[in-house]
Amino acid sequence: MTGFFGSAAFAFPVVSYVDQTSLYKPSVISAGGFNVELRGAPAPGMDAAAIVAGLHGPAWAGGAPLSPLPANAAPGKGTRLVLIFNGASAPSETACTDAAALGGAEAPQGAPFRVIAVYCMSDRMVARGALSADSVQGPGDENYRAAMQSLLAAMFPPQGLNISPFGGGI
């Protein structure tokens, strides 16, 4: 066991923050889908397609794959998941109105990455979260996929975190 936990080459991803507003309902997530607005990248050379490849929404919402905003879509509009890599230190509603204000940069080769995720309905925040994880080796890195899926699972449970288990949430 010491070899497994004592290795400097492996660290668990840390979902450090998750929050939902009163707008969060499973029906909103199911209907809104997962178009993604991106700022920055988790590793050098990862384009939008590589960043979202293999990532999907929660199974309870149909497990729809994440996809970059269509080329004709305007940033800051519609229902979307905003991912900001290596930018602001805390998730902010600003991501729904001006994601560029939160920064975002490509992580240097071998450096750990941070991502702020904010699910938006136009200019309104529905849910937000933050993740820190080991460096990404490039497109296809399964540790990256696992880390991102842990963030999505924490952000999008089948019932709102602020809803009583005895009713609501639909």
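As the structure is a computational prediction, the values presented were derived from the model and not from experiment. The residue numbers shown here count from 1 along each chain, following its written sequence. For this predicted model, a pLDDT threshold of at least 70 governs which residues receive local features, and a threshold of 80 or more governs which side-chain atom pairs are given and counted, while totals over whole chains, interfaces and linings are taken from all residues. Only hydrogens and water are removed before side-chain values are computed, so all heavy atoms of the structure are retained for them.

A. Seen up close, the packing of aromatic side chains. Pairs were defined over the aromatic rings of Phe, Tyr and Trp, the Trp ring being its six-membered one, requiring ring centres within 6.5 Å. Orientation was assigned from the angle between planes: stacked under 30 degrees, edge-to-face over 60, tilted for the rest. Scanning the entire structure with this criterion turns up five aromatic pairs. With a centroid separation of 5.7 Å and 55 degrees between ring planes, the pair formed by phenylalanine 34 and tyrosine 119 is classed as tilted. Here phenylalanine 34 is found in the loop between α2 (26–32) and β2 (35–39), whereas its partner tyrosine 119 is found in strand β5 (residues 113–121), with 85 residues between them in sequence. Taken as a pair, phenylalanine 34 and tyrosine 119 share a single burial class, namely buried. Among the aromatic residues, those joined into a cluster by ring pairs are Phe34, Tyr119 and Phe156. For the purposes of this entry, the term helix denotes a DSSP run of H or I that reaches at least four residues, the term strand denotes a run of E that reaches at least two, and both are numbered from the N terminus. Burial here depends on accessible area, computed with a 1.4 Å probe over protein chains only, as a share of the maximum for the residue type. Under 20% is buried, over 50% is exposed, and the range in between is partly exposed.

B. Looking closely at the pairing of strand β6 (residues 124–133). Summarising burial for β6: eight of the 10 residues are buried, a large majority. Note on pairing: two strands pair once DSSP finds at least 2 bridges between them. In terms of strand pairing, strand β1 (residues 14–20) meets β6 through six bridges, oriented antiparallel. Opposite tyrosine 17, over in β6, you have alanine 130 as the bridge partner. Summarising the sheet, β5 and β6 pair through nine bridges and their orientation is antiparallel. From the neighbouring strand, tyrosine 119 faces β6, where its bridge partner is alanine 127. Counted between consecutive antiparallel strands, the loop separating β5 from β6 contains two residues, among which serine 122 sits at a positive phi close to 55 degrees.

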